[in-house]
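# Examining the three-dimensional arrangement
So the chains spell out like this:
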Amino acid sequence: MAPREGSTLKPILEINEVSKRFAGLLANDSVSFSVADGECVGLIGPNGAGKTTLFNCVAGYYTPTSGTVVFEGTDITGWRPNAVCYGGLARTFQIVKAIRNMTVLENVMVGAFCRTSSVDEARKIGLRVLEECELDEKKDVVVSALTIADLKRLEIARAWATKPRMLLLDEAMAGLTSTETKQAVSLVRRIKGTGVALLMVEHVMEALIPLVDRIVVLDQGRKIADDQPEVVLSDEQVISAYLGGEVDAGN
Ligand SMILES: Nc1ncnc2c1ncn2[C@@H]1O[C@H](COP(=O)(O)OP(=O)(O)OP(=O)(O)O)[C@@H](O)[C@H]1O
Ligand SMILES: [Mg+2]
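Residues numbered from 1 in each chain as written. Chains lettered and ligands numbered in written order. Predicted model: local features only at pLDDT ≥ 70, side-chain atom pairs only at ≥ 80, totals over all residues. Heavy atoms only, no water.

## Observations concerning a negative patch on the surface
There is a patch of like negative charges on the surface, built from Glu131, Glu132, Asp136 and Glu137. With respect to the helices and strands, the residue Glu137 is situated in the loop between helix H4 (119-132) and helix H5 (148-160). Taking the relative accessible area as the measure of exposure, Glu137 reaches 79% and is therefore exposed. (Patch = residues over 30% accessible without salt bridge, like charges linked within 9 Å, V, L, I, M, F, W, Y side chains within 5 Å. Areas by Shrake-Rupley, 256 points an atom, 1.4 Å probe, with all protein chains shown as cover. Salt bridge = Lys/Arg side-chain N within 4 Å of Asp/Glu carboxyl O. Lys, Arg positive; Asp, Glu negative; His and termini not counted. Charge placed at Lys NZ, Arg CZ, Asp CG, Glu CD. Helix = DSSP H or I, 4+ residues; strand = E, 2+ residues; numbered from the N terminus. Buried < 20%, exposed > 50% of the residue type's maximum accessible area, 1.4 Å probe, protein only.)

Here it is in structure tokens:
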């Protein structure tokens, strides 16, 4: 399938021929695509396709073996994760990272300290973000007492509190019931409505499709498709590599 011509909007993120090798395994194999300012792009592919590895290369957790990552025109390849986040590119983790013995508000304040050194200001930002994420009623709950759905929502809230211009979401809806998935979709839609660019890894197709402008597909580390959702979902190579197999129904 021919790659879709790039959007006329200027790219906020450019991934240029990024490869990541772990010993004998090429987890990302010369992956290139870009995300336009304000665009929401889905990143899909089978387990082990290299989606999280690519997030790690973009967000500074791994240095790519080769290739470059450009954010808002600046080459950020090899920047440390905190520098990438200060630069305006935040991410969530597939395995949630909230600090378990702290409260919901304290966790979100950790994100807010990316933009302020004032505790009062961080609390204000934290409370506003918790309201936006509909977690304000749980602000004083200790993280270890949260449900999966709340942990996933908190993961988004922590990243959102850093005031990013682009957000990478790694399976933010995995393990949710269909009602919880709908709530998470409306949260991501609200975030998208603020003009933030999004790149989201998601196996739950009914959550992904209503949100994304475009879908990129990885298989065995390589990009095999990059187009509008309806084109990607009917692509034979994508169906045989991914959609024909088991897809998480989200329950
Ligand atoms: N730190 C690492 N060291 C060695 N191999 C790794 C490392 N991280 C990932 N891999 C391997 O790279 C490949 C891609 O893994 P990755 O986690 O990026 O896949 P994924 O597409 O996110 O899969 P999933 O849908 O299951 O989350 C896998 O074979 C994985 O075992
Ligand atoms: Mg993953």
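## Some details on H5
The end-to-end C-alpha distance of H5 is 18 Å, a good match for the 18 Å that 13 residues give at a rise of 1.5 Å each. Buried residues dominate H5, accounting for 12 of its 13 residues. When we look at burial in H5, the residues that qualify are Ala149, Asp150, Leu151, Lys152, Arg153, Leu154, Glu155, Ile156, Ala157, Arg158, Ala159 and Trp160. In the core, the buried residues of H5 are packed alongside strand E6 (89-91), helix H3 (104-112), H4, strand E7 (166-170) and helix H6 (178-193). (Expected span 1.5 Å × (residues − 1). Contact = heavy atoms within 4.5 Å.)

## A look at the coordination of the magnesium ion (ligand 2)
Within the protein, Thr52 (OG1) and Gln94 (OE1) serve as the donor atoms for the magnesium ion (ligand 2), at 2.0 to 2.2 Å. Remark: Gln94 occurs in the loop between E6 and H3 and Thr52 occurs in helix H1 (residues 51-59); sequence separation between them is 42 residues. Thr52 sits in the partly exposed class, given a relative accessible area of 25%. In this structure Gln94 comes out as partly exposed when scored by relative accessible area, which is 33%. (Donors = N, O, S within 2.8 Å, 3.2 Å for Na, K, Ca; no water.)

## Overview of the site of ligand 1
Near ligand 1 you find 15 residues, and of these Gly48, Lys51, Thr52, Thr53 and Gln94 are the closest. Within the backbone of Gly50, one N or O atom sits 3.0 Å away from an oxygen atom of ligand 1. Here an oxygen atom of ligand 1 and a side-chain polar atom of Gln94 are 2.8 Å apart. Protein contact buries 63% of the 640 Å² of open area that ligand 1 shows by itself. Looking at the shell around ligand 1, the elements with two or more residues in it are strand E2 (25-36) and H1. Looking at the shell around ligand 1 element by element, the count peaks at 3 residues for H1. The residue inventory of the shell around ligand 1, partitioned by class, reads 6 nonpolar, 7 polar and 2 charged. (Near = heavy atom within 4 Å. Polar contact = N/O pair within 3.5 Å; in protein donor to acceptor, adjacent residues only side chain to side chain. Nonpolar A, V, L, I, M, F, W, Y, C, P; charged D, E, K, R; others polar.)

No statement about biological role is implied by the geometric values presented.
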